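Next come the chains, spelled out residue by residue.
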Amino acid sequence: MNPLNSLNFSGGPGALPESVLLQVRESVISVPGVGLSILGISHRSDWFAAAVGECEANIRRLLGLSEAYHVLFLQGGATQQFSMVPASLLRGKSSPADYLHTGYWSGKSLPDARREGPVRVVWSGEAEGFRRLPGDDELSFSPDAPYLHYISNETVEGLQFHRVPGLDGVPRVCDMSSDFLSAPCEAERFSLIYAHAQKNLGPAGVTVVIVRDELLSGAPGDLPGFLDYRNHVEAHSVFNTPPVFAIYVVLLVTRWLIDEIGGVANMARINRSKADLMYGLLDGSDGFYRGKAAAGDRSTMNVSFNLPRAELEGRFLAQALAAGFSGLAGHRSAGGVRASIYNAATLAAVEKLADFMEHFRLRHA
Ligand SMILES: *Cc1c(COP(=O)(O)O)cnc(C)c1O
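Computed from a predicted structure; not experimentally measured.

What counts, and where the lines are drawn
Residues numbered from 1 in each chain as written. Predicted model: local features only at pLDDT ≥ 70, side-chain atom pairs only at ≥ 80, totals over all residues. Heavy atoms only, no water. Near = heavy atom within 4 Å. Polar contact = N/O pair within 3.5 Å; in protein donor to acceptor, adjacent residues only side chain to side chain. Areas by Shrake-Rupley, 256 points an atom, 1.4 Å probe, with all protein chains shown as cover. Helix = DSSP H or I, 4+ residues; strand = E, 2+ residues; numbered from the N terminus. Nonpolar A, V, L, I, M, F, W, Y, C, P; charged D, E, K, R; others polar. Salt bridge = Lys/Arg side-chain N within 4 Å of Asp/Glu carboxyl O. Buried < 20%, exposed > 50% of the residue type's maximum accessible area, 1.4 Å probe, protein only. Phe/Tyr/Trp six-rings, centres within 6.5 Å; stacked < 30°, edge-to-face > 60°.

What to know about the site of the ligand
Part 1 of the reasoning: The immediate surroundings of the ligand are formed by 14 residues, with T79, T155, D175, H196 and K199 found nearest.
Part 2 of the reasoning: At a separation of 2.5 Å, an oxygen atom of the ligand approaches a polar side-chain atom of T79.
Part 3 of the reasoning: Between D175 and the ligand, the recorded distance is 2.7 Å, taken from a side-chain N or O atom to a nitrogen atom.
Part 4 of the reasoning: For the ligand, the protein covers 88% of the area, taking 390 Å² as the surface of the free molecule.
Part 5 of the reasoning: Top contributing element to the shell around the ligand by residue count: helix α3 (residues 77–89), with four residues.
Part 6 of the reasoning: Considered class by class, the residues forming the shell around the ligand number four nonpolar, eight polar and two charged.

This is the structure we're talking about:
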């Protein structure tokens, strides 16, 4: 296999497990048991219906989801959910939906919500440069809100909620695009969870949506067909031609999580070790590596930091690339450095990165 894949720290599309890539390679020519390329199998075939069914069952099992929830595979990315959620849940409502503005991606979700109905920003970290998340004492939620929307892991800034905010009586809607299946998430405390695949689950092109059945009953009746979740529920995610390839890769990743990792609790332990290693290195660097996120809100998935000077950051990124590490440049909106240590990044790979960083510091501090 290509050894560079294991040192890919891209923020997204992110790295995938090597065993999954090997199966994908084989399936481009011939899916075992089918004999056809994955790129040429009908979405109306029995094989694909079974693949969707297994992928759904695996996600249910990994999260411990009951039958009160539907698991859907949609297109349009997380960005499509920024508008699909308020079109279904906010259109025509008089009380505002509560939104948390905790970083780049939650900022992107606001304009689409405002197009559909009233929005109340409960808390914004913008004036402070999105370096921390709010404490419970800073949040006052409305019991009348149609829903609360927030992002569990702000991918750009590297901020992650380590608790579930909100009122239990108000539906929680959460964008988990960059930490879905990275740890247990108390899924049944949410009414709708969405996560596009390309950060932690598979390739771009498919978005997993988990939605409580009762949440959909009040949706407007005149939504465009594709934008009505109920059509996708009824069609078992084959309302139109779905991204067969992307869904198949997500299936392989869920099998990997179950069979090779042993579930999300084990995944969380591995992710914790990787994050502890990275943040320990930042904290022990005498201010050379400057983490952006407040210590209590640090993400286990995206480690964002700066070096003392922009020129050093450029040198760091160039030398890292030459040493085989890729995807370390910070998001184009933020600059700096970001190591994305999604599920597929192994502890061994993170140890190699930490080693490189320690040597770089000793040469340049
Ligand atoms: C990357 C990202 C998005 C954008 O996803 P698209 O699939 O490109 O629309 C939205 N939310 C979060 C948390 C992300 O990390």
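With respect to the pattern of salt bridges
Part 1 of the reasoning: What the rule picks out here adds up to 18 salt bridges.
Part 2 of the reasoning: Where E138 meets R132, a salt bridge forms, and the shortest distance between an N and an O atom there is 2.8 Å.
Part 3 of the reasoning: On the accessibility criterion, R132 (23% relative accessible area) is partly exposed.
Part 4 of the reasoning: Linking R189 and D168 is a salt bridge whose minimum nitrogen-to-oxygen distance equals 3.6 Å. Here the residue R189 occupies a position in the loop between β7 (172–175) and β8 (192–196), and D168 occupies one in the loop between β6 (159–160) and β7, the gap between them amounting to 21 residues.
Part 5 of the reasoning: In this structure R189 comes out as partly exposed when scored by relative accessible area, which is 32%.
Part 6 of the reasoning: Each of the salt bridges in this network shares a partner with another, and the network as a whole consists of D168, R172, E186 and R189.

What about the packing of aromatic side chains?
Part 1 of the reasoning: All chains considered together, the criterion is met by 17 aromatic pairs.
Part 2 of the reasoning: Aromatic pair Y150 and F161: ring centres 5.1 Å apart, planes at 80°, arrangement edge-to-face. With Y150 in strand β4 (residues 148–151) and F161 in the loop between β6 and β7, this pair connects stretches of sequence that are 11 residues apart. F161 matches Y150 in its accessibility class, with the two residues each being buried.
Part 3 of the reasoning: Residues F288 and Y289 carry aromatic rings whose centres are separated by 4.9 Å and whose planes lie at 80° to one another, so their mutual orientation is edge-to-face. Comparing F288 with Y289, the two get one shared label, buried.
Part 4 of the reasoning: An aromatic cluster is present here, built from F9, F288, Y289, F305, F316, F325, F356 and F360 joined pairwise through their rings.

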